[in-house]
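# Breakdown of the fold
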Amino acid sequence: QVFSIDSGEPRGALAADPPLYPTDEFLAEMAAESAKLETATPQEILRWAVDRFAPKFTMATAFGPEGMTIMHMLAEIAPETPVFNLDTGYQFKETLELRERVKEKYGIEVEYKLPDTTVQQYEEMHGGPLYATNPNQCCFDRKMRPLHEAAKGQHAWASAIRRDQSPDRAAAPIVGWDKKFQLVKISPLANWTKNQVWDLILKESIPYNPLHDQGFPSIGCQPCTRATQLGEDERAGRWAGFEKTECGLHNS
Ligand code: SF4
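Described below are features of the structure shown in this document. All of these numbers come straight from a predicted model, not from anything done at the bench.

## Observations concerning the overall build of the chain
Broken down by element type, the chain carries eight helices and six strands. Secondary structure of the chain in N-to-C order comes out as α-α-α-β-α-β-α-β-α-α-β-β-β-α. The proportion of buried residues among the 252 residues of the chain is 50%.

Here it is, written out as structure tokens:
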């Protein structure tokens, strides 16, 4: 049986349970919408996403400046949108505190998605911290697995990536099919620059991670993030010393 989100079936738990099936027709429709949305504002893109996919529309955030910007927009457009954070157990305390600031300012309660082991259990299982020797496996166990769980039953998710963040992200569509998670991936800030994000953050007093003021442009888990020097790529401080620039969420 082929399910499509516009099948005319009643909305609700039963109809929504099957995942989206990416027929050629559906993928062509998403590509056409993506092309149309190239000139839309991030708010217009989010509105489109909510109209098209809610209540099966969600967002994962690491509380970066782009994610904070999207949450600020969602608070006006659709504050009921479920937002979650992959809490690996290795996040900075400043990052965890941001969750509380988001709740206070916007009433959005970001849900933590947890791995199936605590940090202590995980390190005991592996005879020490795996991030030091095999960060790909660590990211897989502590981010990717919980993300796959979180993606179940959803049809679309918002991503906070910008095309100018790194060469890997330069070709990201506004609306694309995320094969890895079997979801429609919507990137409302794909066309925005870092300056546009920070202009809005400062203008609207959007909460942000204080570590950004201490030389950390991109913040992940504490052991895998370092401050960067002037002129370095903004993700250069992630997994420094390893041939790794993405945790696996955004590369296919
Ligand atoms: Fe583990 Fe580092 Fe990946 Fe966090 S970023 S899950 S600590 S490897």
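## Overview of the site of the ligand
As a matter of local geometry, the ligand sits amid 10 residues, with Pro 135, Cys 138, Cys 139, Cys 221 and Cys 224 nearest to it. For the shell around the ligand, the class distribution of residues is eight nonpolar, one polar and one charged.

## With respect to the pairing of strand 5 (residues 175–178)
The sheet contact formed by strand 5 and strand 6 (residues 183–186) spans four bridges and is antiparallel. The partner of Trp 177 across the bridge, within strand 6, is Val 184.

## A word on the packing of aromatic side chains
As enumerated under the stated definition, the model contains six aromatic pairs in all. Plain terms: the ring middles of Trp 48 and Phe 53 are 5.8 Å apart, the flat faces sit at 85° to each other, and that makes the pair edge-to-face. For the residue pair Trp 48 and Phe 53, the accessibility class agrees, reading buried in each case. When the ring of Phe 92 is compared with that of Phe 216, the centres are 5.9 Å apart and the planes differ by 70°; the resulting orientation is edge-to-face. Of this pair, Phe 92 sits in the loop between strand 2 (83–86) and helix 5 (93–106) while Phe 216 is found in the segment after helix 8 (194–204), placing the two residues 124 residues apart along the sequence.

## Comments concerning the pairing of strand 6
What you see with strand 6 is no split at all: Leu 183 and Lys 185 on one side and Val 184 and Ile 186 on the other are buried throughout. Bridge count for strand 4 (residues 156–158) against strand 6 is three bridges, and the pairing is parallel. Across the sheet, residue Ala 158 finds its bridge partner in strand 6, namely Ile 186. The antiparallel hairpin formed by strand 5 and strand 6 contains four residues in its connecting segment, where Gln 182 sits at a positive phi of about 55°.

## Overview of the pattern of salt bridges
Tallied over the entire structure, the rule returns 12 salt bridges. Between Arg 52 and Glu 29 there is a salt bridge; the shortest N-O distance is 2.6 Å. Note that Arg 52 is positioned in helix 3 (residues 42–53) and Glu 29 in helix 2 (residues 24–37), a separation of 23 residues in sequence. With relative accessibility at 14%, the residue Arg 52 sits in the buried group. Judged by its relative accessible area of 29%, Glu 29 falls in the partly exposed class. Arg 145 serves as the salt-bridge partner of Asp 141, at 3.5 Å between the closest nitrogen and oxygen. Pair noted here: Asp 141 and Arg 145 are both in helix 7 (residues 135–151), with a separation of four residues, about one helical turn. Several salt bridges share partner residues, and in doing so they unite Glu 66, Arg 162 and Asp 164 into one network.

Rules of the game
As a convention, each chain's residues are numbered from 1 in the sequence order in which they are written. Given that the model is predicted, a residue must reach a pLDDT of at least 70 before its local features are reported, and side-chain atom pairs must reach 80 or more before they are shown or counted; all residues, however, enter totals for whole chains, interfaces and linings. To get the side-chain values, all heavy atoms of the structure are used, and hydrogens and water are removed first. To qualify as a helix, a DSSP run of H or I must reach at least 4 residues; to qualify as a strand, a run of E must reach at least 2; elements of each kind are numbered from the N terminus. The cut-offs for exposure are 20% and 50% of the maximum accessible area for each residue type, with area from a 1.4 Å probe on protein chains only; residues under the lower value are buried, those over the upper are exposed, and the others partly exposed. One heavy atom within 4 Å of a molecule or strand is enough for the residue carrying it to be called near that molecule or strand. Think of it as three bins: nonpolar holds Ala, Val, Leu, Ile, Met, Phe, Trp, Tyr, Cys and Pro, charged holds Asp, Glu, Lys and Arg, and polar takes everything else, Gly as well. At least two bridges found by DSSP between two strands are what make those strands a pair. Two rings from Phe, Tyr or Trp (for Trp, the six-membered ring) form a pair when their centres are within 6.5 Å of each other. A pair whose planes differ by under 30 degrees is stacked, one over 60 is edge-to-face, and the rest are tilted. When a carboxyl oxygen of Asp or Glu is within 4 Å of a side-chain nitrogen of Lys or Arg, the pair counts as a salt bridge.

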